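# Architecture at a glance
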Amino acid sequence: MCEIENSRASHPRESGELDNDTRLPQVAKNIEFRPDIHNRSKLGETPGHNFLPTLLLHTHLHGRNAASPTAPTRAIPRTSSHPVGEQMSYPTKYTRQYDYVSYQNGNPNRPLPAGQIHADLNQVALSTKEIVDFLNTSLRSDGAVMNGAIGFDQLAANLRAITGDPAAIDQLLNEAGQSAADAAASASASAVSAAASAASATSASGAATNSSNSATAASGSATNASASAAAAGTSATAAASSATAAAASATVVAGNQYAFDTSTSMADPGTGILRFNNATLSSVTAIAMSALTAASGYPNIRSFISTWGASNDPVKGQIAIRKIGAPATFAQFNVTAVVTDNTTWEQVTVAYVAGSGTFSASDSLSVQFTRSGDTGMDASLIPNHLSGLTLSTAGSSATFSVAMGAANDSTNVDFLKLASAYSKTTSAWAVGSGNGALDTGAIAANTWYHAYLIKRPDTGVVDVLISLSATSPTMPANYTLFRRIGSMKTNGSSQWIKFIQVGDEFILDAPVADQSAVALSASSLYTLASVPTGVNVRANFISNYQSNTAGSYMLVQSPLVTSQTINSPSGNLTNYVPVVSTPSVLKESILTNTSGQVRAVSNGVGTITWTVVTTGWIDSRGK
């Protein structure tokens, strides 16, 4: 004989009666089992689970034969004030009315609001009373099920089978095979349910702590019911919070996804991978990128990457690379050339702009490209253009200035634009206004220097440089474009001689006698030291010609042409002395050679002297 007791709690229905699958404590006093069937496979039962034996049921319900479902029972006094069979609705669910945690977080130095606490406690008390009244309709004061609260139809099938009910026995036999097959799945589901219950209990503890005073005031049964209700609400809140947190923590990936490879070889990096040609971000000048991204399905963006160098602007566009999940780790580069298409991978020529952090092997990256617009005008359409960029100096100073302006580079490939006025010194070149401008060596005294506008194509930076060379300055690293914008001369102290520039004309603040009472006869070259060398300029000077013989004359001409015969044809002369010792004074403008020279010749009549006072020069500066 085997003694069996009920292992499940009573579950009241809304009417106050128990659910149909409820087992009653001590309903079956003695159950005799005879396991005549030992082969579990006949019932489809899996190992580790009970099987259904053939039952010989000899059951005594309070001393009566169990075969009679209508056998009378001994009356037990009721303790509830509710009549048997009286229906009662479910208790009102308690819902917290005020968010005390948020209030306390926002007002840490203030007490909790008494009015809201009082209202919440009243609601707890009301809900607790209704729970107690509800339980009184189903349970006696000793914890047993209320007499008359259960009908035969509410008994579980196994209990009805104990009484000999044929329909219940058939039901158990039909369910046996399915129960065995479902046993494993039920066990798994139970484990999940247990985990969920544990989570709910954990969430409930926080709510229980905040409501401990209210919970203490309730009875034991009411406390358990209220805690269950609170746990359900807290679990829902926790689920919503978890969903919100999950959404907030989700990473939205913009751009094209790649994985990082630490190799610096400019070769095919592999599907969905990119790499740099230098491990130091600021030294990167090329990027190798797979034509296939690392996104789902490995989409091919070869044709898109190939357009990254299509702009006619020197800076074709900009690439921003960020580490997914850690956007503070990034690198930004300018695209400076046409992309090299290698079919399965692309090589992009770049110049570093900015960055932070370090990329590691297999880091997930977001790559975004922003294209530069085409320049508004092709430089080749306005060859040799130059506007603004006026030079100036206070004189006897190591500093000079350049006004804002723009010019084509010397090859008419690109525009060079100085967006604001610049000042530079005679010190060694350094980028930026106020810094040195000399390309190489040290500044020399009484020497001509040529000023240049220079540009770095990979970044678009424009600056100013001075050089002894009129055609090939020594350029700083990465600066490849230049345009000569004028010339200046130092004095004996290696400081600038003052001049005034108006357009292409340069006027010396103090005229200089570059030739003084020289004797003229046969054709000769004469140097004007106050005009630039290295370039052809139009020297502006005052020519003073004297002779002790009437009928003497001279010719001043450009050395760029063949030496000419004076007064041939008739009138080919510049100065004429009609009266003895009366000077002939003229303002002349003669194109020099690159040595700053002009040619002069006289007819050789009498004793002739020639003085030249230079006032300035005209420099077209390549226009």
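This text goes with the structure placed above it.
What this report covers is the structure whose coordinates are included nearby. Because the structure is a prediction, the values reported are computed rather than measured. (Residues numbered from 1 in each chain as written. Predicted model: local features only at pLDDT ≥ 70, side-chain atom pairs only at ≥ 80, totals over all residues. Heavy atoms only, no water.)

## Re the overall build of the protein
- Helix and strand counts for the protein stand at seven helices and 29 strands.
- Taking all 623 residues of the protein together, 34% fall into the buried category.
- At a minimum sequence separation of 6, the contacts of the protein that also span at least 24 residues come to 65%.
- Carbon and sulfur atoms provide 54% of the accessible area of the protein, an area that totals close to 31,700 Å². (Helix = DSSP H or I, 4+ residues; strand = E, 2+ residues; numbered from the N terminus. Buried < 20%, exposed > 50% of the residue type's maximum accessible area, 1.4 Å probe, protein only. Contact = heavy atoms within 4.5 Å. Areas by Shrake-Rupley, 256 points an atom, 1.4 Å probe, with all protein chains shown as cover.)

## Points about the nonpolar core
- Membership of the largest hydrophobic core comes to 46 residues, with the highest contact counts inside it found for Leu391, Phe400 and Trp610.
- What Phe400 contacts, discounting residues up to four positions off in sequence, is Leu391, Ser392, Thr393, Tyr422, Ser423, Lys424, Thr425, Ala437, Val464, Ile466, Met488 and Trp496.
- If you look at the next biggest cluster of nonpolar residues, it comprises 23 residues, including Phe276, Met289, Ile305 and Leu365. (Core = buried A, V, L, I, M, F, W, Y, C linked by side-chain atoms within 4.5 Å.)

## A short note on a nonpolar patch on the surface
- Together, Ile500, Val502 and Ile507 give the surface a local cluster of nonpolar side chains, amounting to about 240 Å² of exposed area.
- Of note, Ile500 is situated in strand E21 (residues 499-502).
- When its relative accessible area of 39% is taken as the criterion, Ile500 is described as partly exposed. (Patch = residues over 30% accessible without salt bridge, like charges linked within 9 Å, V, L, I, M, F, W, Y side chains within 5 Å. Salt bridge = Lys/Arg side-chain N within 4 Å of Asp/Glu carboxyl O.)

## A short note on the pattern of salt bridges
- If you walk through the whole model with that rule in mind, you get 10 salt bridges.
- We note a salt bridge from Asp133 to Lys129, for which the minimum N-O separation is 3.0 Å. Linking Asp133 with Lys129, this pair stays in helix H2 (residues 114-136), spanning four residues, or about one helical turn.
- Note on Asp133: relative accessible area 23%, which makes it partly exposed.
- Overall, the relative accessible area of 53% leaves Lys129 in the exposed class.
- The salt bridge partner of Lys455 is Asp414, with a shortest N-O separation of 3.1 Å. One end of the pair, Lys455, is in strand E18 (residues 448-456); the other, Asp414, is in the loop between strand E14 (405-408) and strand E15 (415-418), with 41 residues separating them in the sequence.
- What makes Lys455 buried here is its relative accessible area of 10%.
- Shared partners join several salt bridges into a network, and the residues in it are Asp504, Arg621 and Lys623.

## Remarks on H2
- Its 23 residues give H2 an end-to-end C-alpha distance of 33 Å, which sits within 8% of 33 Å, the value for a rise of 1.5 Å per residue.
- Residues of H2 that are buried include every one of Asp120, Val124, Ser127, Thr128, Ile131 and Phe134, and no others. (Expected span 1.5 Å × (residues − 1).)

## Structural notes on the sheet that holds strand E29 (residues 608-618)
- Within the open sheet, the five strands sit side by side as E21-E22-E29-E24-E27. Their pairing is antiparallel. Both outer strands of the open sheet, E21 and strand E27 (584-591), are each paired with one neighbouring strand and no more. Neighbour-to-neighbour, the strand axes of this sheet turn through a mean angle of 30 degrees, independent of strand direction.
- With four bridges joining them, E21 and strand E22 (residues 505-519) adopt antiparallel strand pairing. Within E22, the position partnered with Gln501 by the bridge is Phe506. (Pairing = 2+ DSSP bridges. Axes fitted to C-alpha atoms, helices over the stretch in contact; angles between N-to-C directions.)

## Considerations on the side chain of Lys489
- Summarising the element assignment, Lys489 is placed in strand E20 (residues 481-489).
- It turns out Lys489 is buried and unbridged, and the closest side chain with the opposite charge, Asp514, is 6.3 Å from it.
- Discounting residues that sit within four places of it in the chain, Lys489 has contacts with Asn446, Thr447, Trp448, Gln495, Trp496, Ile497 and Ala529. (Lys, Arg positive; Asp, Glu negative; His and termini not counted.)

## Brief notes about the sheet that holds strand E28 (residues 597-602)
- Judged by pairing direction, the sheet is antiparallel, and its four strands sit side by side in the order E23-E28-E25-E26 without closing on themselves. At either end of the open sheet lies a strand with only one pairing partner, and these are strand E23 (524-527) and strand E26 (575-577). Here the strands of the sheet are splayed against their neighbours by 25 degrees on average, with no regard to which way each runs.
- Of the strand pairs in this sheet, E23 and E28 are connected by four bridges, and their pairing is antiparallel. Its bridge partner being in E28, Ser524 is matched across the sheet by Ala600.

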